[in-house]
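Per-entry structural report
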Amino acid sequence: MVRRPVAWIVAVVLFVEALGVVALNWLLGTVVDNQQMSLAGLDPDVMSTSSKVSGFVFGLYFVLCGLVALLVALRDRPPVGLGRVLLVSAAVVHGLLGAFSWGLMGWHAFLFMMVVLALIVLLLMTYDLQGRPEPEPADVTQGGPKGGDGSSLAPPTPSTS
């Protein structure tokens with residue numbers, strides 16, 4: 001089966017991506033603080049702090065998504081509830097980041113975002129196929145399909161007496 005390895009890969013990628021986002025925002029905040037940069041008159045300390053805090057918040061978001069993928073890999077069951085919502089939102093975020101990264105950073109960053117998006121969607125879709133009930137075959141020897149109590153679902157035949 002491909003489900004569990006994909007879930008493990010998604011978990012690892014999201015954990016690494018969380019560390020990368022935190023490190024990148026921390027670096028940007030430090031550069032803004034050291035250079036005393038200002039954007040439209042904003043205080044450089046506020047810009048530095050907000051960059052660092054947003055990096056931690058976004059990193060925490062990716063860690064939560066990675067934990068959901070890790071639980072899916074460990075339990076071999078589909079994500080449900082909030083976990084499913086987190087993975088779907090992570091897929092949307094990677095689609096948007098991929099679109100922005102094409103113009104800002106080039107096709108390498110776009111390709112990475114699309115690979116992560118494809119892995120998340122593959123994780124969601126493979127477990128969706130598992131959750132669907134298989135149709136019960138019709139029992140032709142006993143007059144058609146059976147109900148939950150074993151009785152025939154076929155309409156009664158009218159008597160000709």
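Keep in mind it's a predicted model, so treat the numbers as computed, not measured.

1. A word on the overall build of the chain
Broken down by element type, the chain carries four helices and zero strands. When the 161 residues of the chain are sorted by exposure, 29% land in the buried category. Accessible surface for the chain amounts to roughly 10700 Å². Of this, 72% is attributable to carbon and sulfur atoms.

2. Digging into helix H1 (residues 3-35)
With 33 residues, H1 extends 48 Å between its outermost C-alpha atoms, agreeing within 8% with the 48 Å of an ideal straight helix rising 1.5 Å per residue. Of the residues making up H1, those classed as buried are Arg3, Val6, Ala7, Val10, Ala11, Leu14, Glu17, Ala18, Val21, Asn25, Gly29 and Val32. With its phi angle positive at about 55°, Gln36 sits one or two positions after the end of H1.

3. A short note on the packing of aromatic side chains
Enumeration over the complete set of coordinates arrives at five aromatic pairs. Relative to Phe62, the ring of Tyr61 lies with its centre 5.5 Å away and its plane at 45°, an arrangement referred to as tilted. For Tyr61, a relative accessible area of 17% translates into the label buried. The class for Phe62 is buried, based on a relative accessible area of 0%.

4. A look at the nonpolar core
Membership of the largest hydrophobic core comes to 25 residues, with the highest contact counts inside it found for Val10, Ile120 and Leu123. Dropping the residues within four chain positions of it, Ile120 is found in contact with Val10, Leu14, Leu87, Ala90, Ala91 and His94.

Reading guide: rules and limits
- Residues numbered from 1 in each chain as written.
- Predicted model: local features only at pLDDT ≥ 70, side-chain atom pairs only at ≥ 80, totals over all residues.
- Heavy atoms only, no water.
- Helix = DSSP H or I, 4+ residues; strand = E, 2+ residues; numbered from the N terminus.
- Buried < 20%, exposed > 50% of the residue type's maximum accessible area, 1.4 Å probe, protein only.
- Areas by Shrake-Rupley, 256 points an atom, 1.4 Å probe, with all protein chains shown as cover.
- Expected span 1.5 Å × (residues − 1).
- Phe/Tyr/Trp six-rings, centres within 6.5 Å; stacked < 30°, edge-to-face > 60°.
- Core = buried A, V, L, I, M, F, W, Y, C linked by side-chain atoms within 4.5 Å.
- Contact = heavy atoms within 4.5 Å.

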